[in-house]
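Here is how the chains run, residue by residue.
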Amino acid sequence: MIGSPIWSYLPKGSKEILDLSYNHLYGELPLSLPSNKIRTVDLSSNHFFGAIPSSFFQQARNLISFNVSNNTFTGYVPSSICLHYSPFIRLLDFSSNQFSGNLALRLGECSKLQVFRAGHNNLSGLLPEDIYNATKLEEISLPINSIRGAISDKIVNLTNLKILDLSHNQLSGELPLNLGKLSKLKFLTVDFNNLEGTIPTSLMNCTNLVELCLGINNLEGDISMLNFSRLSQLTKLDLRYNNFTGMFPVSLYSCRYLKAIALTRNHLEGQIQTEILSLKSLSFLTLGYNQFTNLTGTMKILMSCKSLHTLSLDGSFVDEGMPFDDGMVDFDGFQNLRVLNMAGTNLTGEIPVWLSKLKNLEILILAFNQITGPIPSWLGNLPRLFFINLSNNRISGEFPKQLCRLPRLVYEPIASQVDRYEFELNVFGSITTNLNFQPSKLSCFPATIDLSNNNIVGDIPAEIGQLHLLRQLALYSNNFSGVIPDQISNLQNLEVLDLSMNHFSGRIPSSLASLTFLRKFNVSYNNLGGPIPTSTQIQTFTTSAFEGNLKLCGAPLPNKCGSNTGIDEDDTNSKDLDNEPRQLPWFYIFTALGFVVGFWGVCGSLVVNKTWRYVYFRFIDNVQDRLYVMVTMLINTMKRRLRG
């Protein structure tokens, strides 16, 4: 601990409050509190460690609030606090530590307990049965642990419960049938578990529900049969990654305060109705990987949702065409849209012009479709766009230079323009399929240009060096050619550079050594040659990052460079190496041209002029006769010598 013992920080006047939160204190707790008059202990957000001794609460007769969250305490969550010492305790907060083991019994002895938090620890085992005896409880928050088993039917005893957060655990079984008896419940968050069965219809009696998060479970049933209209206060509904069936619940259109609806990865079908426009506050909508139909009709409806910020339709509306008709070109919708994800739907057509009017668009994902045509130049004019994923399509043409002028990738924003936008729900399964990556803010996404797995040709424009804020550049599996431009070294924030499986030639620019943040680098399967730049972090990548370049040499590749080959020759000879593949075809061209000119110069004249043809053949006959005489005389001479 810094300085003197912890109790020296106790205020000199009142002895009822010990608040040392948000400091840099460290060490273990003493054996007990210094006074039985203390009512509030707040040691949160420090660096305390070790176990909390059971004797610590011997002087806690009047304690009503105990908060040690955001430290590194270990051992068991102390239970003796309720049994013997603190009958009046109302708040216990052990969250964000390293507590382990089972939650011990005796929590039910805290008859006055209103708030119990122990999330973000390493707790395991079952929920203790006697916790359901603490009938004054208003909040139970135990997210991100390893608690298993079912939620007991006895939970209905907690009639004062307003917050139940058991997300990111290993709970199983079904939701209690009488869950609807918790009429004061406002926040029910049990996502990321192994729950099964249906949503109990009684849950629709919880008319005070504000947030209902049941995603990432094994729940099932026809959700269109549930009467969500009774949940008039509902603002967030998360049912992602389950096995729900049926249509989009029409009753949801009555929940006028809804801000977020997440239905990704279920088995829903049908079409979105115009009644969704009654949800004036709707800003977050994910419908991906269902069997919805009529994409163009859906887009024409949703573009009038003025509050919509995030729209993810990935994996739905499969095999339909990209909305591209005249009715979409002159529209003025989606004016507040920040995120548009239409990946993985096998959409056909070109990138539509109406996207050019989305001036607030920041993330555009059209990957894994059948999109054709070039990348439109107007894409580089969208003022807020910083994340582009057009990978795995059939896009052709060249890399447009205008894309190198994206304002968000060129200019550092001033402090007042830094985007602090937060999603209503995290976006796993909507923008990213990585369930471990659950961003809640736009700023969590790296500035990205991903054009991989297409048919793009030509050079990487030198203007690429203007994108100073770019962090990921993926151009692999295309038909790019030419040299790797030195200007890429200007991208000092670059973390991913993948140029593999193209037709790049020349050397690997030694200037790329200045990219100190690179964590992924790949130039395999090109036509690169010469030595890999030495004494740089480029050499720290594995052999797989360079393989498939027959003329490339040096570590980490096994083939060594010649003694006369070095880094200094990299720059001076790069042009010669670059031109070598282009000189070989010219040799054959001139050879063929010489043959054609010589052949037709002689034969053509013989065909055209009869006199020349007569003279030419007489000349050939004379040459033939002379050769015959010379050969005959040579043979006779050799015979005479043999006889002698």
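Residues numbered from 1 in each chain as written. Predicted model: local features only at pLDDT ≥ 70, side-chain atom pairs only at ≥ 80, totals over all residues. Heavy atoms only, no water.

Draft legend 1. Expanded view of the pattern of salt bridges. In total, this model carries 12 salt bridges according to the counting rule given. Taking the shortest distance from any N to any O, the salt bridge between Glu362 and Arg408 comes out at 3.1 Å. You can see Glu362 sitting in the loop between strand 27 (348-349) and strand 28 (363-365) and its partner Arg408 sitting in helix 4 (residues 407-410), a full 46 residues away along the chain. By sharing partners, the salt bridges in this structure join Arg338, Glu362, Arg384 and Arg408 into a single network. (Salt bridge = Lys/Arg side-chain N within 4 Å of Asp/Glu carboxyl O. Helix = DSSP H or I, 4+ residues; strand = E, 2+ residues; numbered from the N terminus.)

Draft legend 2. Structural detail: a positive patch on the surface. Side chains of Arg39, Arg90, Lys112 and Lys136 sit close together on the surface and give a patch of like positive charge. Inspection of the secondary structure assignment puts Lys136 in the loop between strand 10 (122-126) and strand 11 (139-141). Residue Lys136 is classed as partly exposed on the basis of its relative accessible area of 43%. (Patch = residues over 30% accessible without salt bridge, like charges linked within 9 Å, V, L, I, M, F, W, Y side chains within 5 Å. Areas by Shrake-Rupley, 256 points an atom, 1.4 Å probe, with all protein chains shown as cover. Lys, Arg positive; Asp, Glu negative; His and termini not counted. Charge placed at Lys NZ, Arg CZ, Asp CG, Glu CD. Buried < 20%, exposed > 50% of the residue type's maximum accessible area, 1.4 Å probe, protein only.)

Draft legend 3. Seen up close, the side chain of Thr264. Relative to the helices and strands, Thr264 is located in the loop between strand 21 (260-262) and strand 22 (267-270). Judged by relative accessible area, Thr264 falls into the buried class, the value being 0%. Among the polar contacts made by the side chain of Thr264, one reaches the main-chain amide nitrogen of Gly288 at a distance of 3.5 Å. (Polar contact = N/O pair within 3.5 Å; in protein donor to acceptor, adjacent residues only side chain to side chain.)

Draft legend 4. Quick peek at the pairing of strand 12 (residues 146-149). Along strand 12, the buried face is formed by Ile147 and Gly149; none of Ser146 and Arg148, which line the opposite face, is buried. With 3 bridges connecting them, strand 10 and strand 12 associate as parallel partners. Note that in strand 12 the partner of Gly125 across the bridge is Ile147. Note that strand 12 and strand 14 (residues 170-171) share 2 bridges and pair parallel. Directly across from Gly149, in strand 14, lies its bridge partner Leu171. (Pairing = 2+ DSSP bridges.)

Draft legend 5. Focus on the packing of aromatic side chains. Scanning the model with the defined rule gives 18 aromatic pairs in all. Measuring from centroid to centroid gives 6.4 Å for Phe284 and Phe423, while their planes differ by 75 degrees, and the two rings are edge-to-face. With Phe284 in strand 23 (residues 284-286) and Phe423 in the loop between helix 4 and strand 31 (448-450), this residue pair connects regions lying 139 residues apart in the sequence. The two residues Phe284 and Phe423 agree in class, both being buried. (Phe/Tyr/Trp six-rings, centres within 6.5 Å; stacked < 30°, edge-to-face > 60°.)

Draft legend 6. Focus on the state of the cysteines. Per the stated rule, a full pass over the model turns up 1 disulfide. Here Cys553 is linked by a disulfide to Cys561, with a sulfur-sulfur distance of 2.0 Å. Here the disulfide of Cys553 and Cys561 is right-handed, its torsion about the S-S bond being about 105 degrees. Since its relative accessible area comes to 10%, Cys553 is described here as buried. (Disulfide = S-S within 2.5 Å.)

Draft legend 7. Layout of the side chain of Ser152. Its place among the elements puts Ser152 in the loop between strand 12 and strand 13 (163-165). On the basis of relative accessibility, which here comes to 15%, the residue Ser152 falls in the buried class. Only 3.0 Å separates the side chain of Ser152 from the backbone nitrogen of Lys154, close enough to count as a polar contact. Once you skip the residues sitting within four places of it in the chain, Ser152 turns out to touch Glu129, Tyr132 and Pro176. (Contact = heavy atoms within 4.5 Å.)

Draft legend 8. Highlighting the sheet that holds strand 6 (residues 72-73). Taken in spatial order, the 3 strands of this open sheet run 2-4-6, and their pairing is parallel. Looking at strand neighbours, the two that pair on one side only are strand 2 (26-27) and strand 6, the edges of this open sheet.

Draft legend 9. Main features of the nonpolar core. In this structure, Phe66, Phe116, Ile488 and Phe546 are the most contacted members of the largest nonpolar core, which totals 172 residues. Counting residues per element, this core draws most heavily on helix 2 (residues 295-302), which supplies 4 residues. Phe546 has contacts with Ile508, Phe521, Val523, Ser524, Ile532, Ile538, Phe541, Leu552, Pro556 and Leu557, leaving out every residue within four places of it along the chain. (Core = buried A, V, L, I, M, F, W, Y, C linked by side-chain atoms within 4.5 Å.)

Draft legend 10. Examining the pairing of strand 4 (residues 47-50) more closely. The two faces of strand 4 differ: Phe48 and Gly50 on one face are buried, but His47 and Phe49 on the other face are not. Across 2 bridges, strand 4 lies against strand 6 in parallel orientation. Directly across from Gly50, in strand 6, lies its bridge partner Phe73.

Draft legend 11. Representation of the environment of Ile301. Tracing the backbone shows Ile301 in helix 2. Overall, Ile301 belongs to the buried group, its relative accessible area being 13%. With 27 residues separating them in the primary sequence, Ile301 and Thr274 have C-alpha atoms 6.0 Å apart.

Draft legend 12. Representation of the sheet that holds strand 16 (residues 196-198) in the model. Overall, parallel pairing links the 5 strands, which are arranged 16-18-20-22-24 in an open sheet. Of all strands in the sheet, those with a lone pairing partner are strand 16 and strand 24 (291-292), marking the two edges. Note: strand 22 against strand 24, 2 bridges, orientation parallel. When the sheet's bridge partners are listed, Gly270 is paired in strand 24 with Phe292.

Structural measurements only, silent on function.
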